[in-house]
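Here is what each chain is made of, one letter per residue.
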Amino acid sequence: MINNVLLSADSYKLSHHKQIYPGTTKLYETFTPRSLKHLSAEARELTNDHIVWFGVQATVTALHEAFQREFFSQPFEQAILALQSQAHFFTGESFNIEPFRELHSLGYLPIHIKSLPEGSLIPARIPGLTITNTHDNFAWLVGYLETVLSNETWKSVNNATIAFAYRRLLTQAALSTGASTDFVKWQGHDFSSRGMSGSTDAARQGISHLTSFLGSDAIGPTALISHYYDTPATSFIAGSIPASEHMTETLAIQTIAKSLNCSLHEAEYHQFRRLITELYPSGLVARVCDSYDYWHVITNIIPRLKQEILSRTPDDNGMAKVVVRPDSGDPVDIICGTAIPVDTPTDIERYFNSNRNATGVWFVTTKQGANQYFYYSNASNGGATPSYTVPAEVKGSIVCLWETFGGTVNNKGYRELDPHIGLIYGDSITIKRAKDITNKLKRLGFASTNVVLGIGSYTYQMSSRDTLGMALKATFAVVNGIEVDLNKDPLTDDGTKRSAKGRVRVEYHNGDYILLDQQSESEEQYGLLCTIYRNGVFSNLESFSTIRSRIDSLV
């Protein structure tokens, strides 16, 4: 994942070998998520203000491999050339290559990295990683590696935390509506790849998603998981299903319309039928349905194809589902309809009292498993409209599909669509929208698992290092044989940037992780921070299945 490893540092690091106080033989730094104040309120509630620690194993492995490939295995003059040719432009002085020459002669990275087990759910201000040098001449190297350790890891922590929040939300929704929680691992589907910052970013963040879910349209993460998390390349890691996109659909629809001299509506019927009976007559297939007139597809084309859909052949897993994919409009409205759920006429009066300019409002009640819709022009002069005249957009996709295919009612009284039909929505889904969707489905009398949600770059790209305040900070040093506890505590800050002090130890006490700082050398050896890398040798690495199991146990 890492290229030009010597260039993967902030430029001012080049001058720190000169600045570090004379006689410094050891530096010790901690990597800590300092605050959740920039994480969304919904995610904070779902994680109980905790953070999923994840990504260190991949980062450290990639760092080791990059140094082996680009530095230690190359002649020194070649290994240092790119850095040497550019360094003086950034420092304004001649570049001292001797520390790097000494490192090259040593032949390995003289550092010791410890980490909490990946998949641990920790509160803010708990260090997840420590790094120190193991050779007296290389205290400067600890700070030099700070940039790459940070930029290769912070986003993995962010997105594993966000994925976990989705997982908890969908699990809670399934439990409250009587649905199987086994399906939840497939209910959050990774749609983020094309919106990420390049293929490496897409693959790396796809791993974070897969800590909590199995469904993904990203293939790249599987190779990284196999490589960095001791997982056989042939083992199951993630999966998806055949699916159309707007290019394949519009190409077919327009071509059919021309060849048959028919309307786009009729051409789309023929294309839909072709997809599910000729191209994919069995198993699972998803079709994007909003290329032109989504509600016509839902209310006209799909009912015309009801028998073809119900008679498709199951695959080896017993699945024969056609998955409908809307891809535009407000997700909550498209899935659940625009009608406002109410329980009593008093709720309608209350609505108009707080929305005095409202006119032409649809309301829906759920009574004995049937949705009943009412249209009011105002609170005092309105009336019930028979259900067969309710517009499809008022009912929403799930109700329309239920009216066509029906299904079953689970033991908690919530409706689950016939297994031959389903829906996935992947445009602009956020945790808040996912919560709104599952809540409204529940109000309408439907289990939350009637929909799959595509989680995209709108979620996984819209965060920064500041989202969790991730920072590597020096907390301990040895100078001329004297131990020095270091810390940072700016008076102009609100306390977020205050660091730990001295060596640290993390323990689990009274149901949560706690930090003990200013530890002696012997005290620091204990606790939950475990050595994963020392002097070029790895230890205590874990498989991806182990990390997943740890997260599963926390949901």
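Everything here concerns the structure above.
The structure contained in this document is the topic of the report that follows. Predicted, not measured: the structure shown is a model, and the values here were computed from it.

1. Details of the overall build of the protein chain
Then, number 1: Within the protein chain, the regular secondary structure consists of 23 helices and 22 strands.
Then, number 2: Seen through its C-alpha atoms, the protein chain measures out along the principal axes to roughly 85 × 55 × 45 Å.
Then, number 3: Within the protein chain, the proportion of its 555 residues that are buried is 51%.
Then, number 4: Taking contacts inside the protein chain between residues at least 6 apart in sequence as the whole, the part at least 24 apart equals 73%.
Then, number 5: For the protein chain, the centre of its 48 positive side-chain charges and the centre of its 56 negative side-chain charges are spaced 4 Å apart.

2. Things to note about helix H11 (residues 220–228)
An α-helical turn contains 3.6 residues, so a residue and the one three or four places further along point in the same direction.
Then, number 1: Listed in full, the buried residues belonging to H11 are Pro221, Leu224, Ile225, Ser226 and Tyr228.
Then, number 2: Residues of H11 that are buried in the fold lie against helix H3 (56–72), helix H10 (199–210) and helix H23 (544–552).
Then, number 3: Positioned one or two residues after H11, aspartate 230 has a phi angle of 50 degrees, which is positive.

3. Quick look at the packing of aromatic side chains
Then, number 1: For the structure shown, the criterion picks out 23 aromatic pairs.
Then, number 2: Joined through ring pairs, the aromatic side chains of Phe95, Phe100, Phe138, Trp140 and Tyr144 make up one cluster.
Then, number 3: If you follow arginine 304 out to its NZ or CZ, it ends over the ring of tyrosine 269, 3.7 Å from the centre.
Then, number 4: Seen from the ring of tryptophan 402, arginine 415 lies directly overhead, with NZ or CZ sitting 5.5 Å from the centre.

4. Here's the deal with the sheet that holds strand E6 (residues 188–190)
Then, number 1: Here we have 5 strands laid out as an open sheet, ordered E6-E16-E15-E8-E7, and parallel in their pairing. The outermost strands of the open sheet, each flanked by one partner alone, are E6 and strand E7 (285–288). Each neighbouring strand pair of the sheet contributes to a mean axis angle of 30 degrees, computed without reference to strand direction.
Then, number 2: Examined bridge by bridge, strand E8 (residues 322–325) and strand E15 (residues 421–425) share 3 bridges and lie parallel to one another. The residue of E15 that forms the bridge with valine 322 is isoleucine 421.
Then, number 3: Its contacts with the sheet put helix H19 (residues 397–405) on E15 and strand E16 (451–455), and the angle it makes with E15 is roughly 170 degrees.

5. Describing the nonpolar core
Then, number 1: Phe67, Phe100 and Ile335 are the most contacted members of the largest nonpolar core, which has 143 residues in total.
Then, number 2: The element best represented in this core is helix H8 (residues 154–176), accounting for 11 residues.
Then, number 3: Beyond its immediate sequence surroundings of up to four residues, isoleucine 335 is in contact with Gly396, Ser397, Ile398, Leu423, Tyr425, Ile437, Leu441, Val451 and Leu453.
Then, number 4: By size, the runner-up hydrophobic cluster in this structure holds 7 residues, among which are Val342, Ala358, Val361 and Phe363.

6. Some remarks on the side chain of arginine 505
Then, number 1: Relative to the helices and strands, arginine 505 resides in strand E19 (residues 503–509).
Then, number 2: Within the structure, arginine 505 has its side chain in polar contact with the side chain of glutamine 519 (distance 2.2 Å).
Then, number 3: Not counting residues up to four positions away in its chain, the partners in contact with arginine 505 are Ile514, Leu515, Leu516, Gln519, Glu523, Tyr526 and Gly527.

7. Digging into unusual backbone geometry
Then, number 1: In this structure, arginine 125 takes a positive phi of about 75 degrees despite not being glycine.
Then, number 2: Checked against the element boundaries, arginine 125 lands in the loop between strand E4 (120–123) and strand E5 (129–133).
Then, number 3: Under the relative-accessibility criterion, arginine 125 is labelled partly exposed at 27%.
Then, number 4: Positive phi values are uncommon outside glycine, yet asparagine 510 reaches one of about 55 degrees.
Then, number 5: Among the structural elements, asparagine 510 can be located in the loop between E19 and strand E20 (512–519).
Then, number 6: Look at asparagine 510 and you get exposed, because its relative accessible area is 72%.

8. What about the sheet that holds strand E18 (residues 482–485)?
Then, number 1: Read across the open sheet, the 7 strands follow the order E18-E17-E1-E5-E3-E21-E22; overall the sheet is antiparallel. Single-partner strands in this sheet number two, and they are E18 and strand E22 (537–538).
Then, number 2: Sheet topology note: the strand E17 (residues 470–479)/E18 ladder contains 4 bridges and is antiparallel. The residue bridging valine 478 from the neighbouring strand is glutamate 483, located in E18.
Then, number 3: In this fold H3 packs onto strand E3 (111–115), E5, strand E21 (530–534) and E22, with an angle of close to 15 degrees to the strand it touches most, E21.

9. Section: the pairing of E15
Then, number 1: Most of E15 sits out of view: 5 of its 5 residues are buried.
Then, number 2: Because side chains alternate across E15, one face comprises the buried residues Ile421, Leu423 and Tyr425, and the other comprises Gly422 and Ile424, equally buried.
Then, number 3: Examined bridge by bridge, E15 and E16 share 3 bridges and lie parallel to one another. Looking across to E16, one finds that tyrosine 425 is bridged to leucine 453.
Then, number 4: Since E15 and E16 lie parallel, the crossover through helix H20 (residues 431–444) that links them has a hand, and here it is right-handed.

10. Digging into the environment of tyrosine 21
Then, number 1: By the element assignment, tyrosine 21 lies in the loop between helix H1 (16–19) and strand E1 (24–33).
Then, number 2: Residue tyrosine 21 is classed as exposed on the basis of its relative accessible area of 61%.
Then, number 3: Residues tyrosine 21 and valine 479, 458 residues apart in the sequence, show an inter-C-alpha distance of 7.6 Å.

11. Some remarks on the pattern of salt bridges
Then, number 1: This structure, assessed with the given rule, holds 24 salt bridges.
Then, number 2: Among the salt bridges present, the one from lysine 395 reaches glutamate 403, with a minimum N-O distance of 2.9 Å.
Then, number 3: Relative accessible area serves as the criterion here: at 9%, lysine 395 is assigned to the buried category.
Then, number 4: If you follow the salt bridges from partner to partner, you end up with Arg167, Lys185 and Asp552 in one network.

Reading the values: the criteria
Every residue gets a number counted from 1 within its own chain, in the order that chain's sequence is written. Under the rules for a predicted model, residues below a pLDDT of 70 receive no local features and side-chain atom pairs below 80 are neither given nor counted, while totals for whole chains, interfaces and linings still include all residues. To get the side-chain values, all heavy atoms of the structure are used, and hydrogens and water are removed first. In this description a helix means any DSSP run of H or I spanning at least four residues, a strand means any run of E spanning at least two, and both kinds are numbered starting from the N terminus. Burial classes follow relative accessibility: with a 1.4 Å probe on protein chains only, a residue under 20% of its type's maximum area counts as buried, one over 50% as exposed, and anything between as partly exposed. Contacts are residue-level and defined by heavy atoms, with any inter-residue pair within 4.5 Å sufficient. A positive count includes Lys and Arg, and a negative count includes Asp and Glu. His and the chain ends are not counted in either. To locate a charge, the coordinates of NZ of Lys, CZ of Arg, CG of Asp or CD of Glu are taken. In summary, the pairing rule links any two rings of Phe, Tyr or Trp, Trp by its six-membered ring, whose centres are within 6.5 Å, and it sorts them by plane angle into stacked for under 30 degrees, edge-to-face for over 60 and tilted for everything else. Only when the NZ atom of a Lys or the CZ atom of an Arg is both within 6 Å of the ring centre and within 35 degrees of the ring normal do we say a charge sits over the ring. In this scheme, strands are said to pair when DSSP sees at least two bridges between them. For helices, the fitted line uses only the C-alpha atoms of the stretch in contact; every axis is such a line through C-alpha atoms, and the angle between N-to-C directions lies from 0 to 180 degrees. We call a set of buried Ala, Val, Leu, Ile, Met, Phe, Trp, Tyr and Cys residues a nonpolar core when their side-chain atoms join them within 4.5 Å. The term polar contact refers here to a pair of N or O atoms within 3.5 Å; inside protein, the definition further demands a hydrogen-donor-capable atom paired with an acceptor-capable atom, and it admits residues adjacent in sequence only when both atoms are side-chain atoms. A clockwise path from the first strand over the helix to the second, with the strands pointing away from the viewer, defines a right-handed crossover. By convention in these notes, a salt bridge is any Lys or Arg side-chain nitrogen within 4 Å of a carboxyl oxygen on Asp or Glu.

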